[in-house]
Amino acid sequence: MANLNQLWPTLKRLLRYGSPWRKSLGLAIVLLWIAAVAEVLGPVLVSYFIDNMVAKHSMPLGLVTGLAVSFLLLQILAAALHYWQSLLFNEAAVGVVQRLRTDVMDAALRQPLSAFDTQPVGQIISRVTNDTEVVRDLYVTVVATVLRSAALIGAMLVAMFSLDWRMALVAIMIFPAVLTVMLIYQRYSTPIVRRVRSYLADINNGFNEVISGMSVIQQFRQQARFGERMSEASRSHYLARMETLRLDGFLLRPLLSLFSAMILCGLMLLFGFSSSGSFEVGVLYAFINYLGRLNEPLIELTTQQSMLQQAVVAGERIFELMDAPRQHYGQDSRPLASGRIEIEHLSFAYRDDRNVLNDINLSVPSRSFVALVGHTGSGKSTLANLLMGYYPVKQGEIRLDGRPLTGLSHGVLREGVAMVQQDPVVLADTFFANVALGRSISEEAVWHALETVQLAELARSLSDDIYTRLGEQGNNLSVGQKQLLAMARVLVASPQILILDEATANIDSGTEQAIQKALKAVRQQTTLVVIAHRLSTIIDADTILVLHRGHAVEQGNHQQLLAKQGRYWQMYQLQLAGEELEET
């Protein structure tokens, strides 16, 4: 009973998704009851025929014909009503899944980025696809079967007590036995079903990793090792599924068939030892018929527990994602009027055990150019992500335009602060869609942005120019072209603050010079924050912040830092030496 209490809140929440289809579901239930009555009346007509015609050797042609036609019409009516109610249940089920999948995807999109640092992508995909499909089965199969079985059982009980209450009492003895089996089944199947769903999510995640990293796997000849991993995940899922099948095979149909046979024996004994005339043969036929029909809905009710358990477990996984804390933004909806940045005593840790940034202080006037430099792991990209509002600031403060970043709304942040990343995401869509990204941007503005980043010539060479579809993850573009495309997305609607995270790392020197010219024009209306390894690209920066192991160790412009002959000077000398070696 404790398990039922634990499952009920999730089940109730899943069923609540069907509320917009209340009328359709209500009509389907009415049709189910009418169909059940039609099915139950069939044996009543046969019973009347046996006791009043066959037993008395009286066969009036008109009455026999009427009974035969009525029996056939009842069966046809029951079949037609079952067809209509099935359509109604499926209509509701598809609508529920569509709404649930939309909500779950919306929840995934609003998750904090920290959630994606630890949760595999395949797990989220599994919740959006597989788990929502299981919920569809809840409406199509479980709810429909339960209501149909309940209607049929209810109608048969009414008919049995109307025909003979003593036989009916014997017949209903099957219900306590069935209830006991259902409780036992529910107790043992729940943990197994949870494991099945978890293993299925692992399989999805494994496939996602294999497909995404196929080039690396083949390059290092790791096909066998990854194949073994997938085989282990599949075997775990197989073994868990076999546990459920063994449980079904033992507790469900064999036991219920045994109970049904025992009840049938009880009816035969009652009929055999009763005085002559107490029971009619037609009534006995009707009870045997009802018992055969009663056995099937009871088995269906019990077998639906497995699917019900899967639906509830899938619902738990879905609602866990939907109820997880979402990315938090403030309420200040005033647009940024300038690109002024102020960072005071900022410290940050992805995990509680180690800070990635320690007591960072920086003041960046509006329309200036600030560069962040340092060795790999020094905290440059983390600082950029914090400026974007991707992670919550817990120690210290970041102010944009003189206002706390934590108080700014989502719209203000995304319109006022933009980032071009080193490894940009390219949608499997057109050039135009990749630049516009759903914003109301004209074709002329897109062409202008592509001209600025030196991609217009490439676009014109394609079959449908900017309406040519790019491949999956932009696989028909070079790494440098992807970065240029990401740059065009930003330049098409200049923000107040533009962050470049190694955005020119994979671009040839000629194109880089063109980009530098474009950025100089952008600087007239935008504050520029650049993360760079090539120090030659930031010589003109107003301020250079040197980071080392999360600490700000130096700050100043290029000439000032060279004069100090500190860490920046060492980095610059090493790069000059490396360039000279390359030239020779």
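Counting restarts for each chain, with residues numbered from 1 along the sequence as it is written. Since the coordinates come from a predicted model, pLDDT governs what is reported: local features require at least 70, and pairs of side-chain atoms require 80 or more to be given and counted, while whole-chain, interface and lining totals use all residues. Side-chain measures were taken over the full set of non-hydrogen atoms in the model, leaving aside hydrogen atoms and water.

Novice: Would you mind showing me how to read the overall build of the chain here?
Specialist: Secondary structure assignment for the chain yields 21 helices and 10 strands. Over its C-alpha trace the chain gives a radius of gyration of 36 Å, far above what one expects of a compact globule, namely 25 Å for 584 residues. Only protein chains enter the area calculation, which uses a 1.4 Å probe; residues under 20% of their type maximum are buried, those over 50% are exposed, and those in between are partly exposed. A buried classification covers 46% of the 584 residues belonging to the chain. Contacts are assigned to residue pairs with any non-hydrogen atoms lying within 4.5 Å of each other. At a minimum sequence separation of 6, the contacts of the chain that also span at least 24 residues come to 78%. When the accessible surface of the chain is split by element, carbon and sulfur atoms take 58% of a total near 29600 Å². Secondary structure elements are taken from DSSP: a helix is a run of H or I of four residues or more, a strand is a run of E of two residues or more, and numbering for both begins at the N terminus. We compute the radius of gyration from the C-alpha atoms alone; for a globule the expected value is 2.2 Å times N to the 0.38, where N is the number of residues. All accessibility values rest on the Shrake-Rupley procedure with a 1.4 Å probe; residue burial counts only the protein chains present in the view.

Novice: I'm lost on the side chain of Asn385 in this one. Help?
Specialist: Considering the arrangement of structural elements, one finds Asn385 in helix H13 (residues 380-387). In this structure, Asn385 is in contact with Tyr350, Tyr390, Tyr391 and Met419, ignoring residues within four places of it in sequence.

Novice: I'm lost on the packing of helix H2 (residues 22-54) against helix H6 (residues 130-163) in this one. Help?
Specialist: Angle between the axes and distance between the axes are the two parameters that describe a pair of packed helices. Axis angles are defined between N-to-C directions and span 0 to 180 degrees, where every axis is a line fitted to C-alpha atoms and, for a helix, only to the segment in contact. In contact at an axis separation of 8 Å, H2 and H6 are set at 40° when each is read in the N-to-C sense. Taken together, the axis directions place H2 and H6 in an arrangement best described as oblique. Once H2 is placed against H6, the crossing between them reads as right-handed. From H2, Ile29, Leu32, Trp33, Ala36, Val37, Glu39 and Val40 reach across to H6, where they touch Ala144, Leu147, Arg148, Ala150, Ala151, Leu152, Gly154, Ala155, Met156 and Ala159. Amino acids are sorted into nonpolar (Ala, Val, Leu, Ile, Met, Phe, Trp, Tyr, Cys and Pro), charged (Asp, Glu, Lys and Arg) and polar (every other residue, Gly among them). Partitioning the contact of H2 with H6 into residue classes produces 14 nonpolar, 1 polar and 2 charged. Angles are sorted into four bins: roughly parallel if under 35 degrees, roughly antiparallel if over 145, roughly perpendicular if 65 to 115, and oblique for all others. Crossings are sorted by hand: turned counterclockwise from the far helix by less than a right angle, the near helix makes the crossing left-handed, and turned clockwise it makes it right-handed.

Novice: How should the side chain of Ser378 be read in this particular structure?
Specialist: On the secondary structure map, Ser378 appears in the loop between strand S3 (369-373) and H13. According to the relative accessible area criterion, Ser378 is buried, its value standing at 3%. Here the side chain of Ser378 touches His375 through a polar contact of 2.8 Å, landing on its backbone oxygen. When neighbours within four sequence positions are excluded, Ser378 is seen to be in contact with Val356, Leu357, Leu547, His548, Arg549 and Gly550. Within 3.5 Å is the distance limit for a polar contact, defined as a pair of N or O atoms, with the added protein rule that one can donate a hydrogen and the other accept it, and that residues adjacent in sequence qualify only through two side-chain atoms.

Novice: Just to check I follow, could you spell out the packing of helix H3 (residues 61-109) against H6 for this structure?
Specialist: At a closest axis distance of 9 Å, the pairing of H3 and H6 adopts a crossing angle of 150°. Classified by the angle between their axes, H3 and H6 sit roughly antiparallel to one another. Relative to H6, the crossing made by H3 is right-handed. In this structure, H3 contributes His82, Gln85, Phe89, Asn90, Ala93, Val96, Val97, Leu100 and Arg101 to the contact, and H6 contributes Thr132, Glu133, Val135, Arg136, Tyr139, Val140, Val143, Ala144, Leu147 and Arg148.

Novice: Teacher, can you tell me more about the UniProt feature "transmembrane region" (unreviewed entry) in the chain here?
Specialist: Per the UniProt record, the feature "transmembrane region" (unreviewed entry) sits at residues 25-50, 62-84, 138-161, 167-185 and 250-273. Within the segment residues 138-161, helix and strand shares are 100% and 0% respectively, and the terminal C-alpha atoms sit 32 Å apart. UniProt positions are given in the numbering used here, feature names are shortened, and annotations may be inferred rather than shown by experiment.

Novice: What is the right way to look at the pairing of strand S8 (residues 527-531) in this model?
Specialist: Across a regular strand the side chains alternate sides, sitting on one face of the sheet and then on the other. Burial analysis of S8 places 5 of its 5 residues in the buried class, the great majority of the element. Summarising the sheet, S3 and S8 pair through 4 bridges and their orientation is parallel. Within the sheet, the bridge partner assigned to Leu372 lies in S8 and is Ile531. Pairing between strands is defined by DSSP: at least two bridges between the two strands are required. Of the pairings in the sheet, the one linking strand S7 (residues 497-501) to S8 comprises 5 bridges and is parallel in character. Note that in S8 the partner of Leu498 across the bridge is Leu528.

Novice: Even after reading the chapter, I still don't get a nonpolar patch on the surface, so can you show me in this structure?
Specialist: Two distance rules govern patches: like charges are joined within 9 Å, and nonpolar side chains (Val, Leu, Ile, Met, Phe, Trp, Tyr) within 5 Å, applied only to residues with over 30% relative accessible area and no salt bridge. Counted as salt bridges are all cases of a side-chain nitrogen of Lys or Arg within 4 Å of a carboxyl oxygen of Asp or Glu. Residues Leu27, Val30, Ile34 and Leu77 make up a contiguous nonpolar surface patch of roughly 320 Å² in combined accessible area. Ranked by the residues each element gives to the nonpolar patch, the list is headed by H2, at 3 residues. Inspection of the secondary structure puts Ile34 in helix H2.

Novice: Honestly, the nonpolar core in this entry has me stumped. Any pointers?
Specialist: Note that soluble globular proteins tend to have their nonpolar side chains buried in a common cluster. To define a nonpolar core, start from buried Ala, Val, Leu, Ile, Met, Phe, Trp, Tyr and Cys residues and group those joined through side-chain atoms within 4.5 Å. The biggest cluster of nonpolar side chains holds 48 residues, and the ones touching the most others in it are Phe431, Leu450, Leu498, Ile538, Ile544 and Tyr568. The dominant element in this core, judged by the number of residues it contributes, is helix H18 (residues 479-491), at 7 residues. With residues up to four places along the chain from it excluded, the contact list for Tyr568 reads Val373, Leu535, Ile538, Ile544, Val546, Glu554, His558, Leu561 and Leu562. Among the nonpolar cores identified, the runner-up in size contains 37 residues, and Leu31, Ala93, Ala314 and Leu321 belong to it.

Novice: Just checking my understanding: could you explain the packing of aromatic side chains for this structure?
Specialist: What describes a pair of aromatic rings is the distance from one ring centre to the other and the angle between the planes of the rings. Think of it this way: a Phe, Tyr or Trp ring, Trp meaning its six-membered ring, pairs with another when their centres are within 6.5 Å, and the plane angle makes it stacked under 30 degrees, edge-to-face over 60, tilted otherwise. As enumerated under the stated definition, the model contains 6 aromatic pairs in all. When the ring of Phe348 is compared with that of Tyr350, the centres are 5.0 Å apart and the planes differ by 85°; the resulting orientation is edge-to-face. Looking at Tyr350, the relative accessible area reads 37%, which means it is partly exposed. A centroid spacing of 5.5 Å and a plane angle of 25° characterise the contact between Phe432 and Tyr467, whose relative ring orientation is stacked.

Novice: Even after reading the chapter, I still don't get the environment of Gln327, so can you show me in this structure?
Specialist: Note that Gln327 resides in the loop between helix H12 (281-322) and strand S1 (341-348). Between the alpha carbons of Gln327 and Glu451 there is a distance of 35 Å; along the sequence they are 124 residues apart.

Novice: It is not clear to me how unusual backbone geometry should be interpreted in this structure. Could you clarify?
Specialist: Of all residues except glycine, most have a negative phi; of all peptide bonds, most are trans. At His345, a position not held by glycine, the phi torsion is positive, near 50°. Tracing the backbone through its elements, the reader meets His345 in strand S1.

Novice: It is not clear to me how H18 should be interpreted in this structure. Could you clarify?
Specialist: Within an α-helix, residues lying three or four positions from one another point in the same direction, as the helix has 3.6 residues per turn. Given a rise of 1.5 Å per residue, 13 residues ought to cover 18 Å, and the 19 Å separating the end C-alpha atoms of H18 matches this to within 8%. Here H18 lies mainly inside the structure; 11 of its 13 residues are buried. Of the positions making up H18, those classed as buried are Gly480, Lys482, Gln483, Leu484, Leu485, Ala486, Met487, Ala488, Arg489, Val490 and Leu491. To estimate the expected span of a helix, subtract one from its residue number and multiply by 1.5 Å.

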